[in-house]
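For reference, the chains in residue letters:
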Amino acid sequence: MSFKLTSEDYVNTLIKIAHKIDENKDYITELDSITGDGDHWANMNMGFQKIIDQEEAFKQMGLSDLFKNIGMTLMKSIGGSSGVLYGSAYIACSKKLKDVEVIDDHVLLDIYETSLNAIMERGKAKPGFKTMIDTLYPAVIAYKAALEENKPSKEALEILTQAAEEGMNSTKDMEAVKGRATYQANKGVGHLDPGAVTMYFQIDMLTEYIHNNIIS
């Protein structure tokens, strides 16, 4: 049997993500100081803190309106390219969630797949560019395969998270194709991409919430 996430559940996962990002200030800032502008943590933290500010209102919304408002909030409050990319992803998902009342395995796959496509299209990037895509892309592929093989929800989510973690770790050996790291002599090789790390946090926190609160 698949899990079922309501709008309230999804907002609760966002609160967990916000706390995870907040707790990793030094780690993310250090990574981004090496490979980027040093402001990735501040930008992401600002965006997710804005979500916390609207927690109660967001919990009352249907999924489509919720995702649209999350997208608008992140687009307005996260600086740099990340705000545009996350905003575009959530707004694209909101269109897919018309008349959808709960998130189950297949809806979650659709959310991740839609997000991935929106981010790649808006960012003009693809796997191997040393970005958040390198976390999300393998996660989508692995999760889709797990569901096609009719894996139980718990196992499928474990596969999703493991693939996301492996994707994040793969950025350590990549050369950056976009961003400030492209101007460095080593193009960021030897360091994880901070965007890939914060994308992994989001997937990990969502699956942890489902495991702890939905799937017994």
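Residues numbered from 1 in each chain as written. Predicted model: local features only at pLDDT ≥ 70, side-chain atom pairs only at ≥ 80, totals over all residues. Heavy atoms only, no water.

### With respect to the overall build of the protein chain
On a plain count of helices and strands, the protein chain comes out with 10 helices and 0 strands. Moving toward the C terminus, one meets the helices and strands of the protein chain in the order α-α-α-α-α-α-α-α-α-α. Whereas a compact globule of 216 residues would reach a radius of gyration of roughly 17 Å, the protein chain reaches 16 Å, a difference of no more than 12%. Taken along the three principal axes of its C-alpha coordinates, the protein chain extends 50 × 40 × 30 Å. Each of the 216 residues in the protein chain was classed as buried or not, and the buried ones make up 52%. (Helix = DSSP H or I, 4+ residues; strand = E, 2+ residues; numbered from the N terminus. Rg over C-alpha atoms; globule rule 2.2 N^0.38 Å. Buried < 20%, exposed > 50% of the residue type's maximum accessible area, 1.4 Å probe, protein only.)

### Some details on the packing of helix α3 (residues 40-53) against helix α10 (residues 194-213)
Where α3 meets α10, the axes come as close as 10 Å, and the angle between the chain directions of the two elements is 30 degrees. Between α3 and α10, the interaxial angle falls into the category roughly parallel. As for how α3 packs across α10, the hand of that crossing is right-handed. Contacts between α3 and α10 involve H40, M44 and F48 from the first element and P194, G195, T198 and Q202 from the second. Here the contact of α3 with α10 is built from residues that sort into 3 nonpolar, 4 polar and no charged. (Axes fitted to C-alpha atoms, helices over the stretch in contact; angles between N-to-C directions. Parallel < 35°, antiparallel > 145°, perpendicular 65-115°, else oblique. Left-handed = near helix turned anticlockwise from the far one by under 90°. Contact = heavy atoms within 4.5 Å. Nonpolar A, V, L, I, M, F, W, Y, C, P; charged D, E, K, R; others polar.)

### Considering the packing of aromatic side chains
The description of two aromatic rings rests on the distance between their centres and on the angle between their planes. Summed over all chains, the structure comprises 3 aromatic pairs. When the ring of Y10 is compared with that of F67, the centres are 4.8 Å apart and the planes differ by 35 degrees; the resulting orientation is tilted. Here F67 lies in helix α5 (residues 63-77) and Y10 lies in helix α1 (residues 7-23), a separation of 57 residues in the sequence. There is no split in this pair, since Y10 and F67 are both buried. (Phe/Tyr/Trp six-rings, centres within 6.5 Å; stacked < 30°, edge-to-face > 60°.)

### Comments concerning the environment of Y200
Mapped onto the secondary structure, Y200 falls in helix α10. Sequence spacing of Y200 and D134 is 66 residues, and the spatial spacing of their C-alpha atoms is 9.8 Å. Discounting chain neighbours no more than four positions away, the residues touching Y200 are T135, T161, A164, E165 and M168.

### Topic: α5
Residues lying three or four places apart along an α-helix face the same way, a consequence of the helix completing one turn every 3.6 residues. Its 15 residues give α5 an end-to-end C-alpha distance of 21 Å, which sits within 8% of 21 Å, the value for a rise of 1.5 Å per residue. Within α5 the residues assigned to the buried category are L63, S64, L66, F67, I70, G71, T73, L74 and S77. (Expected span 1.5 Å × (residues − 1).)

### With respect to the side chain of T73
Checked against the element boundaries, T73 lands in helix α5. Contacts of T73, omitting those with residues within four sequence positions, involve G47, K50, I51, Q54 and F58.

### Quick look at the nonpolar core
Across soluble globular proteins, nonpolar side chains show a tendency to be buried alongside one another. Within the largest apolar cluster, 64 residues are counted, with the highest numbers of intra-cluster contacts made by F3, Y10, F67, I70, I103 and Y143. Considering each element in turn, this core owes the most residues, 10 residues, to α10. Ignoring any residue separated from it by four or fewer positions in sequence, one finds Y10 in contact with L66, F67, I70, Y90, I103 and L206. (Core = buried A, V, L, I, M, F, W, Y, C linked by side-chain atoms within 4.5 Å.)

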